[in-house]
Number of protein chains: 2
Amino acid sequence: MRYELYYWPRIPGRGEFIRLALEEAGADYLDIGQSAEHGVPAISACLDDTQAPRPPFAPPFLKAGDIVVSHVANILQFLGPRLGLVPEDDEAGRFWVQGLQLTLCDWLLEVHDVHHPVGVSLYYEQQRAEARRCASVFIGERLPKFLGYFEHVLSRNPQGDAWLVGESPTYADLSLFQMVAGLRYAFPQAMQRLEPENPAVSALAARVAERPNIAAYLASERRQPFNEQGIFRHYPELDG
Amino acid sequence: MRYELYYWPRIPGRGEFIRLALEEAGADYLDIGQSAEHGVPAISACLDDTQAPRPPFAPPFLKAGDIVVSHVANILQFLGPRLGLVPEDDEAGRFWVQGLQLTLCDWLLEVHDVHHPVGVSLYYEQQRAEARRCASVFIGERLPKFLGYFEHVLSRNPQGDAWLVGESPTYADLSLFQMVAGLRYAFPQAMQRLEPENPAVSALAARVAERPNIAAYLASERRQPFNEQGIFRHYPELDG
């Protein structure tokens, strides 16, 4: 099975959460947005296809044969059992992993909304004053709350604090790594202050980065750098 | 199986999306937050239990025997096959329903953020100026986009435009009904303008309201009115 990932090129963005799962599992996939042969026109063609019986609202979406799945958490839930990234034969465990993933997705949206509090159709420069207020609440309250929550989840895993659920990595662990990487880029000062209070989260991020397939991916050209077009943006004035 | 729903009382909020599924199916459930015997202390006790092996981040969460499931979309996905609210034996159909549900949840969050663009910890009155700007983008761009998307999805259903997927209601249809009901409350002027352009969405909302179990529920005291403590709030100055 060759998976096809549809996501905008030149930003890691939401697509990166899917890429990390595919890379960790060594899956065969085509990154449509980054492929010279397909690229943005192929994504736009899907979005503009008024005859599609099941039109996605927005990228990312994944094609797996005849199945089209959209939304990060939904795609990861689809891939989880296929890539060995969820507990086997454990329904409660799978819903727990997915609950964590949805919390991660909410957190990601809050990170995005710090630089876009008024609307996605406006530039950051058009909502700078609002973003500053938003950043102060995010860094003062929300960032410690989310980091502390995942630190606590790790401490409560009966199988130890290496991974969020059970004793091997799930897609939620890969996503938590990406959150930490992105937050370090966007809010380096805030993260420097908060990471020592949440050592198990930092240790998990390091553990993910050392997985052989992930390490090879991070060293490759397929791993795109964070930048100010994506979700995790570094604006020094927002890193209070 | 008696389900236990954990959600704050006195607002329909996110809990309402779960209640509608349980009510449509005539399921046996206990609304912990609204129960005189349990109420808020029971919810707080769960959230404050530092020994819980799988602590939820926030309500709503659902207990079903030993399983705890959190997040609206995750709970609905758990309940879907149990309550007959997803296509049977159709994996692609179920991921399609869940993709629609996640789009509905994103839409719901945008509705919330119109009156809380800076931060959830501040009152509306502390972010009124930002909310006004946010509302103008939401009503001008996002609301027509979301309504138009679901109108289009209905028009593309090969089984007809009565329901979003297949020929019987899924949990996503019930959630779309709740979105329309809430938006009519929060933004009556905008919805009066936009609904005629999206007749299949309005017709679906009417169809849900006429389902016998839903009609009985809506007429009961269990259905809580919208108010300015919830997600759908009517502030006339935001209904441009």
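Cut-offs applied
Residues numbered from 1 in each chain as written. Chains lettered and ligands numbered in written order. Predicted model: local features only at pLDDT ≥ 70, side-chain atom pairs only at ≥ 80, totals over all residues. Heavy atoms only, no water. Contact = heavy atoms within 4.5 Å. Buried area = accessible area lost by both parts, 1.4 Å probe. Salt bridge = Lys/Arg side-chain N within 4 Å of Asp/Glu carboxyl O. Polar contact = N/O pair within 3.5 Å; in protein donor to acceptor, adjacent residues only side chain to side chain. Least-squares fit on C-alpha atoms with pLDDT ≥ 70 in both. Axes fitted to C-alpha atoms, helices over the stretch in contact; angles between N-to-C directions. Helix = DSSP H or I, 4+ residues; strand = E, 2+ residues; numbered from the N terminus. Pairing = 2+ DSSP bridges. Buried < 20%, exposed > 50% of the residue type's maximum accessible area, 1.4 Å probe, protein only. 1 Å grid on protein atoms, 1.4 Å probe; cavity = no way out; pocket = protein on both sides within 12 Å on 5 of 7 lines; lining within 4 Å. Points joined across faces, edges and corners; volume = space filled by probe spheres on them. Nonpolar A, V, L, I, M, F, W, Y, C, P; charged D, E, K, R; others polar.

Caption draft 1: The interface of chain B and chain A, seen in detail. Listed by partner, the interface residues are 50 residues for chain B and 50 residues for chain A. Counting each side, the surface lost to burial between chain B and chain A is near 4500 Å², with a carbon and sulfur contribution of 59%. At the boundary of chain B with chain A, the tally comes to 4 salt bridges. Between the two partners, chain B and chain A, sit 25 residue pairs in polar contact (both at pLDDT 80 or more).

Caption draft 2: Representation of the relation of the copies chain B and chain A in the model. Turning chain B through 180° and shifting it by 0.0 Å along the axis lays it on chain A, with an RMSD of 0.0 Å. When the rotation and shift are considered jointly, the pair of chain copies conforms to a two-fold rotation axis. Taking C-alpha positions as reference, the residue of chain B nearest the rotation axis is P117(B), located at 2.8 Å. A share of 100% of the interface residues of chain B reappears at the interface of chain A, consistent with the copies meeting face to face through the same patch.

Caption draft 3: Quick look at the packing of helix α4 (residues 91-115) of chain A against helix α3 (residues 72-83) of chain B. Where α4(A) meets α3(B), the axes come as close as 9 Å, and the angle between the chain directions of the two elements is 145°. Residues E91(A), F95(A), Q98(A), G99(A) and L102(A) of α4(A) form the contact with α3(B), whose own contacting residues are N74(B), Q77(B), F78(B) and R82(B).

Caption draft 4: Focus on the sheet that holds strand β2 (residues 29-31) of chain B. All names here are of chain B. Reading across from one edge, β2-β1-β3-β4 is the order of the 4 strands in this open sheet, with mixed pairing throughout. In this open sheet, the two strands that pair with only one neighbour each are β2 and β4 (67-70). On average, each strand axis in the sheet is inclined to that of its neighbour by 20°, with strand direction left out of account. Relative to β4, strand β3 (residues 61-64) runs antiparallel, the two sharing 4 bridges. Along β4, the bridge assignment pairs K63 with V68.

Caption draft 5: Region of the structure containing the pattern of salt bridges. All names here are of chain A. Going through the model one piece at a time under the given rule, you end up with 22 salt bridges over all chains. A salt bridge links R222 to E23; the shortest N-O distance between them is 2.9 Å. Of this pair, R222 sits in the segment after α9 (212-218) while E23 sits in helix α1 (residues 15-24), and the two are 199 residues apart along the sequence. Under the relative-accessibility criterion, R222 is labelled partly exposed at 42%. Assessed through its relative accessible area of 8%, E23 is described here as buried. In this structure, the salt-bridge partner of R128 is E237, at a minimum N-O distance of 3.5 Å.

Caption draft 6: Quick peek at the layout of surface pockets. Approximately 460 Å³ is the volume found for the second largest pocket. Elements represented by at least two residues in the lining of the second largest pocket include exactly α3 (72-83) and α4 of chain A together with α3 and α4 (91-115) of chain B. When its residues are assigned to classes, the lining of the second largest pocket shows 9 nonpolar, 3 polar and 6 charged.

Caption draft 7: The arrangement of the sheet that holds strand β1 (residues 3-6) of chain A in detail. Residues and elements named next belong to chain A. Spatial strand order, β2-β1-β3-β4: 4 strands in an open sheet with mixed pairing. Two strands bound the open sheet, and with one partner strand each, they are β2 (29-31) and β4 (67-70). Geometrically, the sheet is characterised by an average inter-axis angle of 20° between neighbouring strands, direction not taken into account.

Taken by themselves, the reported measurements are silent on function.
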